[in-house]
Amino acid sequence: MQILLVASAFNSLTQRVHAELRDRGHRVAVELALPDGSLADAVRRHAPQLVVAPMLRTAIPEEVWAAHTCLVVHPGPVGDRGPSSLDWAIHEGADRWGVTVLQAAAEMDAGDVWASVLCRVPPGAKGGRCRVPLAKSDLYRGEVADAALAAVLLAVERFASGSHVPCKQDEAGLAGTPLRVRPYLDQGVRRIDWTVDSMETVVRKLRAADSQPGVLDVLLGGEWYLHGGHPESALRGRPGELLATRAGAICRATTDGAVWIPELRPRRLPGQPPTFKLPAVRALGDRLPPLPEHAPPPLPDARESTWADIRYREHGSVGFLSFSFPGGAMSTEQCRRLLDAYREACARPTSVLVLGGQRDFFSNGIHLGVIEAAPDPGAESWANINAIDDLVEAILTTTDRLVISAVAGNAAAGGVMLALAADEVWCRSGAVLNPHYRLMGLYGSEYWTYTLPRRVGQGAAERLMREALPVSSAGALRLGLADRVIDCAPGEFAREAGALAARLAALPATASRIAAKKAELDRREATTPLAAFRERELDRMRRTFDDPDAPYHALRRAFVHKRPPSCTPPHLAPPPVA
């Protein structure tokens, strides 16, 4: 079918729906619902057979839904209505949730039901005495995205049949499920009272607001949105007091413990440009008083009693180096710390090393926010790209063990190329890859001119870079970007990948593969050394970073400040097939 996706932004769920529908042979275009655009004109131009809205913050105009079947994805179960569905689910500690595909109508979230899929809300990790919920953004890209895709595919199939009649909401809900219209979860509800709230309460409030809008708070004489929250049971202090720093995060005392807060965003004042998130220590700058730096636990360390963004553990001859950086962005400092951890992991007596997060983002490449905030963004861009290149080079030149990239969640740009540096790439079935750079005005580095053609061929590599479209995990497997797709729930990926890695380590052929890696590297270096690929890539990147008029700088600022585009990017809205 000719399907038009209408969305407020080409976000993770919209990308996944786009990629999965294309995998199934549908012709898919995207139109962004922009403040100055006419959605009705765009829909008439595309003349779609079906309109799907995976993520839409505004109502579809009546002239559109009256003329076309428009299916809206609502991230809540049947009967749930309102703009803060997931926020309330986490805020209230729901253990089950759902996604409903509704037909657009005059009243928001009140249309007929085409499909509804329930999902579990995992409790998350245990930390100290605190039951830690998943962050809203993690749940959205994980269990909710899985349910949303299943519901969309079912609704599209039902629409294509031509015989399905959608249900009224009072007929489609589970027995005993009431209609519940809930308001926007504003800062009055989210507010933290540091003199009263327990560690568990504070963490829950922070997780329900992550990554947007954050929790508005007063800190060191300024107003800040707090982003992210991790429990800390060992450190103590006066409630609200800042206790320590770690890897750019700050630790703040609660009534019965403390929480680690990785990122802050200053409140926007009238007349000022939009603000953006930064590592908390960097955001506070000179406001931050001298605090002890509590280093992360040493490697190897399997304890989960304190927060760390990089962890390492071992099971037999398999090592697991996991990392989790907010938004998948990797600053110069984070890349260097991960490289140090990688080198430590490579000093351990293992034959297989699994590299990747437990769930959610793998990596999205360099940290555009930290770059934008730097005194010299061009110089920081150069430092950041070299730091991630150093990490990729270390992986590419590892010859004494097999390295597996375990891609639990989405990856983009340099993050995809980081994954491709490993001997094998294993993706969770819900992961979406964006193996391109041009939308940020960059040529790219991370040895992509070597690793991408090596995996998919020169022609496919050029097409991926040119089209700049998302690729599903199944699509990645077909192309050769991935070696294995693990079909499982987000919370099961680490266990499944671990079991597969253990079996790989036990195979007799694994020792032979490891023994052959050094000879293969020597042959490769004798023809075209890896340094030559890096030098050519960085030459292009350096010219971009040093040119103040290069599109990259304006595109980076627009991305970081979340400025909406003036129109739907042309690569998302190709002309319909005649």
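Keep in mind it's a predicted model, so treat the numbers as computed, not measured.

J.: How would you sum up the overall build of the protein? Please name residues and give values.
T.: Looking only at helices and strands, the protein has 20 helices and 27 strands in total. For 578 residues, the compact-globule estimate of 2.2 N^0.38 gives 25 Å, and the protein sits close to it at 24 Å. Taken over the C-alpha atoms alone, the protein extends approximately 65 × 65 × 50 Å along its principal axes. Looking at the protein as a whole, 57% of its 578 residues qualify as buried. Taking the intrachain contacts of the protein between residues at least 6 apart in sequence as the baseline, contacts between residues at least 24 apart amount to 70%. Of the roughly 24100 Å² that the protein leaves accessible, carbon and sulfur atoms contribute 54%. The distance from the centre of the 67 positive side-chain charges to the centre of the 66 negative ones in the protein is 1 Å.

J.: Before we move on, can you summarise the nonpolar core with the specific residues and values?
T.: Formed by 90 residues in total, the largest nonpolar core has its most connected members in Ile250, Leu264, Leu321, Tyr342, Leu452 and Leu481. Among the elements that make up this core, the one with the highest residue count is helix α12 (residues 377–396) (eight residues). Once residues within four sequence positions are removed from consideration, Leu452 is found in contact with Met417, Leu420, Gly457, Ala461, Leu464, Met465 and Leu481.

J.: Can you explain the pattern of salt bridges? Please cite residues and give values.
T.: All told, the structure shown has 37 salt bridges when counted by the stated rule. In this structure, the salt-bridge partner of Arg478 is Asp23, at a minimum N-O distance of 3.0 Å. Placement of the pair is Arg478 in helix α16 (residues 473–479) and Asp23 in helix α1 (residues 12–23), with a sequence separation of 455 residues. Residue Arg478 is classed as exposed on the basis of its relative accessible area of 58%. We classify Asp23 as partly exposed; its relative accessible area is 29%.

J.: I'd like to hear about the pairing of strand β21 (residues 352–355), residue by residue, with values.
T.: Residue alternation in β21 divides its side chains into two sets, Val352 and Val354 and Leu353 and Leu355, and both sets are buried. Two strands pair when backbone bridges link them, and strand β20 (residues 318–323) and β21 are joined in this way by four bridges, in the parallel orientation. Considered in β21, the bridge of Phe320 is made with Val354. In the sheet, β21 pairs with strand β22 (residues 402–407) via four bridges, with the strands oriented parallel.

J.: Would you mind going over the packing of helix α14 (residues 448–456) against helix α19 (residues 530–546) in detail, with residue names and values included?
T.: Contact pair α14 / α19: the axes reach a minimum separation of 8 Å and the direction vectors enclose 115°. Relative to α19, the element α14 is oriented roughly perpendicular. Residues Trp448, Thr449 and Tyr450 of α14 form the contact with α19, whose own contacting residues are Leu530, Phe533 and Glu537. Taken together, the residues that form the contact of α14 with α19 break down as four nonpolar, one polar and one charged.

J.: Please provide a residue-by-residue account of the packing of aromatic side chains, values included.
T.: Counted under the stated rule, the structure contains eight aromatic pairs. By the ring-pair criterion, three or more aromatic residues cluster together here, those being Phe323, Phe325 and Phe362. Across from the ring centre of Phe320, 4.1 Å away, lies the NZ or CZ of Arg313, which sits over that ring. Taking the ring centre of Tyr443 as reference, the NZ or CZ of Arg540 above it sits at 4.0 Å.

J.: Lay out helix α18 (residues 508–527) with the relevant residues and their values.
T.: Given a rise of 1.5 Å per residue, 20 residues ought to cover 28 Å, and the 30 Å separating the end C-alpha atoms of α18 matches this to within 8%. In α18, a bend of some 30° at Lys517 exceeds every other bend along the element. Among the residues of α18, those classed as buried are Thr510, Ile514, Lys517, Leu521 and Arg524. For α18, the secondary structure elements touched by its buried residues are α12, β22, α14, α17 (493–506) and α19.

Criteria and thresholds
- Residues numbered from 1 in each chain as written.
- Predicted model: local features only at pLDDT ≥ 70, side-chain atom pairs only at ≥ 80, totals over all residues.
- Heavy atoms only, no water.
- Helix = DSSP H or I, 4+ residues; strand = E, 2+ residues; numbered from the N terminus.
- Rg over C-alpha atoms; globule rule 2.2 N^0.38 Å.
- Buried < 20%, exposed > 50% of the residue type's maximum accessible area, 1.4 Å probe, protein only.
- Contact = heavy atoms within 4.5 Å.
- Areas by Shrake-Rupley, 256 points an atom, 1.4 Å probe, with all protein chains shown as cover.
- Lys, Arg positive; Asp, Glu negative; His and termini not counted.
- Charge placed at Lys NZ, Arg CZ, Asp CG, Glu CD.
- Core = buried A, V, L, I, M, F, W, Y, C linked by side-chain atoms within 4.5 Å.
- Salt bridge = Lys/Arg side-chain N within 4 Å of Asp/Glu carboxyl O.
- Pairing = 2+ DSSP bridges.
- Axes fitted to C-alpha atoms, helices over the stretch in contact; angles between N-to-C directions.
- Parallel < 35°, antiparallel > 145°, perpendicular 65-115°, else oblique.
- Nonpolar A, V, L, I, M, F, W, Y, C, P; charged D, E, K, R; others polar.
- Phe/Tyr/Trp six-rings, centres within 6.5 Å; stacked < 30°, edge-to-face > 60°.
- Lys NZ or Arg CZ within 6 Å of the ring centre and 35° of its normal.
- Expected span 1.5 Å × (residues − 1).
- Bend = angle between axes of the 7 residues up to and from the residue.

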